[in-house]
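A closer look at the structure
These are the residues of each chain, in order.
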Amino acid sequence: MANLWSIRLTGSGGQGVIKGAIILAQAALNDGLNATQSQVYGPEARGGSTKSEVNINKEEIFYPKAEKPNVLLSLTQESYHKYSQDVEANGFIIVDDIMVKCDPKEKRAAKTFSLPIVRTARDEIQNELCTNIVALGAIVGITEMLSKEAVLEGIADNFKAKIYAINEKAFLAGYRIGKEAQPLD
Amino acid sequence: MKAVYEKYFRSNLPHIWCAGCGHGTVMAAYALALEKLGYDKNDVLAISGIGCSSRITGYLDSSTMHTAHGRALPVASGAKMCEPRLKVFVFMGDGDCTAIGGNHFIHACRRNIDITAIVMNNNIYGMTGGQYSPLTPYGKKATTAPYGNIDHSFDLVELAKGAGATYVARGDVSHMKQLSDLIVEGAQHKGFSVIEAMTPCPTSFGRYNKTPDPAQMLQIFRDVTVSVKRAEKMTAEELEGKILTGVFVNREAPEYVEDYQKLIDSFQGGDK
Amino acid sequence: MAKVKLLQGNQACLEGAISAGADFFAGYPITPSSEVAEQAATKFPKLGRKFMQMEDEIASMAAIIGASAVGHKAFTATSGPGFSLMQELLGYAANAELPLVVVNVMRGGPSTGLPTLPAQGDVQQVRWGTHGDHSIIVLSPYSVTEVYYQTIRAFNLAEQYRTPVILLMDEVIGHLRERFDVPEGYQPEIINRKAPESKENYLPFRNTEDGVPPFIALGQGEGSRYHITGLTHGESGFYSSNPQVVDQFIRRLSSKIEDHVDEIAEVEECYTEDAEILLVAYGCSARASRAAVEKLRAQGQKVGLLRLLTLWPFPDKLVAKHCAGKKAVIMPELNLGQMVREVQRVCPSDVPVKSFTKIDGSLFTPEEIINFMKKGGCL
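Since the structure is predicted, the reported quantities are computational estimates derived from the model, not experimental observations.

What counts and what doesn't
Residues numbered from 1 in each chain as written. Chains lettered and ligands numbered in written order. Predicted model: local features only at pLDDT ≥ 70, side-chain atom pairs only at ≥ 80, totals over all residues. Heavy atoms only, no water. Pairing = 2+ DSSP bridges. Helix = DSSP H or I, 4+ residues; strand = E, 2+ residues; numbered from the N terminus. Axes fitted to C-alpha atoms, helices over the stretch in contact; angles between N-to-C directions. Contact = heavy atoms within 4.5 Å. 1 Å grid on protein atoms, 1.4 Å probe; cavity = no way out; pocket = protein on both sides within 12 Å on 5 of 7 lines; lining within 4 Å. Points joined across faces, edges and corners; volume = space filled by probe spheres on them. Nonpolar A, V, L, I, M, F, W, Y, C, P; charged D, E, K, R; others polar. pLDDT = per-residue confidence, 0-100. Buried area = accessible area lost by both parts, 1.4 Å probe. Salt bridge = Lys/Arg side-chain N within 4 Å of Asp/Glu carboxyl O. Polar contact = N/O pair within 3.5 Å; in protein donor to acceptor, adjacent residues only side chain to side chain.

What follows is about the sheet that holds strand β14 (residues 328-333) of chain C. By way of backbone hydrogen bonds, the strands of a sheet pair with one another, either parallel or antiparallel. Residues and elements named next belong to chain C. Taken together, five strands build an open sheet; the order of strands is β10-β12-β11-β14-β15 and the sheet is mixed. Of all strands in the sheet, those with a lone pairing partner are β10 (267-270) and β15 (353-357), marking the two edges. On average, each strand axis in the sheet is tilted by 20° relative to the strand beside it, whichever way the strands run. Relative to strand β12 (residues 303-308), β10 is paired through four bridges, and the arrangement is antiparallel. Opposite glutamate 269, over in β12, you have leucine 306 as the bridge partner. Contacting β10, β11 (277-281), β12 and β14, helix α11 (residues 316-323) runs over the sheet at an angle of about 175° to β12.

See below:
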């Protein structure tokens, strides 16, 4: 009955956090699971804080928000401070290594991964707009919450054909980073 | 003997207009226009707002709607959009059109939707007892301007022009044939047509402004109105204090309902 | 197998409107309802249907009134501030008995309030917001799939009872994305306003057995040269202040709906049969309530949920029946206790009814509801 996964994706407007959440929810459906996706956003289309939540469950999901997230993606320092303590002890905190500085003195119960998400999008994919998809790859690589195929299908469901290829590349790059990632001590 | 236009009126209805009111003349001018246009009564939809002017729809033998204060134009826009074959006429008073309905008015002008709007301008809120409207001239008295109006009035023609109406005309009830002809031309025009019909209100305007006599008010209309054609030959001095009548704008522009139909047609035979 | 689709509540609303046969949308952008307008603008022209963006919400209501009068199924979508502007013409539509659907995706108020955050503060405004006596139908969906079905039902009820119907959503449901569970090729039952048996001597506001006058659209030839007014009117449609005519007319505006509450009002029962404690909820609050009930049931607690799918006409009998014999009835709402008054009105006097309110712009968590029950000594 409890959600298999309760994911909170946070960042600032324009980073594609909500789009990433939509793809994740669609991917869960593609994998034969149930999912809900909700969001909280400010009035700004660019900048400002954004939070989107995805619940994944085998059963029907009644509560549409993340009650106790077991995955947090944080692409801004502010959102890390605000939400990192809410994550379940056996959960995962994934942050961007240039946007978020994790103070070693502030221990979190959940495993924390500091990864080159923005850098990968910018340098390897050569398009910072792909930050959200690199992040999705990292999340899936670390947690194995969904099949790679289901997420790629979710990406195909949400992007026009001509930009699918670059997003596929971004996802796979993120996935690889996630697979190789080691949590901070 | 019944006048030719009476077939456009509903029978057995007493009207509410005061003796000397010009609204009945506007109604006759409209009925004459329908006769000239040759429209089937079943294809005519007449829509009004609220006020003395709005009661006209109760007296006309077609599909009619008496809506809310100021709202006749957006109601008509929805109806015209859904049933483009209907001939849609909107009747408004001066306060109805330019105060509470002012926003709807400028946007209908801008949209250029194929509706003919007839603004029965008596320069006052008649039904509620003679309060000043946005078309009450500066300095005139009203029950809410007992010491003289310090609001500056709109010029309806300029307002309609500025907002983008593609047919703008002004007539008055002392020149009934001209008024009727303007309605005909406005109805035949493809796009949003505005016809200001100056109409006297001896009861609520005249009474407070030293012109309580209906005949006197009509005489004033005759004296101050000058057709735009005649005005061309007049000097600025001669035109001092005159009100121009006739056609001020008559231009072609894409019509809203037709443009939307083109959009629909563009999708025929597959999504683009 | 067809693709399992993730859809947003506001998108499902447009899909429902399409299935219901709506062919005209007029609206003005406002968060959190704008996706309905955007979807209509995108999809309607492809389907030969029409979309208009108006200058404000007053004009939006006016335009759909015009569309309905000439026989089309029309709707608009808005949120609190826009809904406030619509009250004037909502009364007109009730008075002129014009079928139409108003979607209100509730956000925090009063005034501009919390544009992007949920609330349920309009549940009495939908009933009493316009001046004068009338009745109205208000539906409250709680899932994306249900938004679709309830939108269709809203159009059907509007047509059947010649009345405006409000589909009352909230920001959570409007923006929520989840599985859209409507079978491929689903064909709903469609109700159209009833036509008179004969067009001769047509009386547009004739009192009939069910209180709903048969309808001929304006501009449709024989019988259609009649008059619609927002003034109080007799069966012919023309103004009347005759006390008998007025009395009959105003009573009929209410009774044509209130007399059919059993056919209109729907509730959903979850674990109500053996429940000792009953939650009563609607919209997004019902999502949190249902989650709380599931948790408590897993712990062996005899807790149930009565979910209101119809807020107005209020399902007096159904609510009274389900409340009877309970140890306590609890109503969580994202307002300061608006619908709980109705529950208190109909609940047997020996059953305590407790209101649990939240107005901080966020949805209840199931834990909060459970804690409220514990603190109140219910568990």
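From this point, things continue past the structure.
In this approach, a probe sized like a water molecule rolls over the atoms, and the result shows the empty space that is left. Residues and elements named next belong to chain A. Scanning all chains against the criterion turns up two cavities of 30 Å³ or more. Considering only enclosed or pocket space, the largest cavity measures out at about 50 Å³ in volume. Considering the residues around the largest cavity, the lining is formed by Ser49, Thr76, Glu78, Ser79, Lys82 and Tyr83. When its volume is computed, the second largest cavity comes out at roughly 40 Å³. If you trace the second largest cavity, you find it lined by Leu9, Val17, Gly20, Leu73, Leu75, Asn132, Ala135 and Leu136. Among the elements that make up the lining of the second largest cavity, the one with the highest residue count is helix α4 (residues 131-143) (three residues). Across the lining of the second largest cavity, the residue classes break down as six nonpolar, two polar and no charged.

Taken as a whole, chain C shows an average pLDDT of 97; of its residues, 100% reach a score of 70 or greater. Prediction confidence for the complex, expressed as pTM and ipTM, is 0.97 and 0.97 respectively.

At the interface, 24 residues of chain A touch 27 residues of chain C. Between chain A and chain C lies a buried interface of about 2,100 Å² when both sides are counted; carbon and sulfur atoms form 57% of it. Residue Asp157(A) pairs with Lys3(C) through a salt bridge whose shortest N-O separation is 2.6 Å. Where chain A meets chain C, there are 13 residue pairs in polar contact (both at pLDDT 80 or more). Only α1 (17-30), β2 (34-41) and α5 (148-158) of chain A provide two or more residues apiece to the side of chain A that touches chain C. It is β2(A) that contributes the most residues to the side of chain A that touches chain C, eight residues altogether. Per-class residue counts for the side of chain A that touches chain C are twelve nonpolar, eight polar and four charged. Here β2(A) runs beside strand β8 (residues 177-180) of chain C; their pairing, made up of two bridges, is antiparallel. Bridge pairing in β8(C) links Gln37(A) to Arg177(C).

Here the focus is the interface of chain C and chain B. On the side of chain B, 42 residues touch chain C, which itself brings 40 residues to the contact. Each partner contributes to the roughly 3,300 Å² buried at the junction of chain C and chain B, and carbon and sulfur atoms together form 59% of this total. Counting the surface chain C buries against chain B, the share from its top three residues, Lys50(C), Glu55(C) and Arg225(C), is 23%. Counting across the chain C and chain B interface gives three salt bridges. Of the charged contacts in the structure, one is a salt bridge between Arg111(B) and Glu55(C), with a shortest N-O distance of 2.7 Å.

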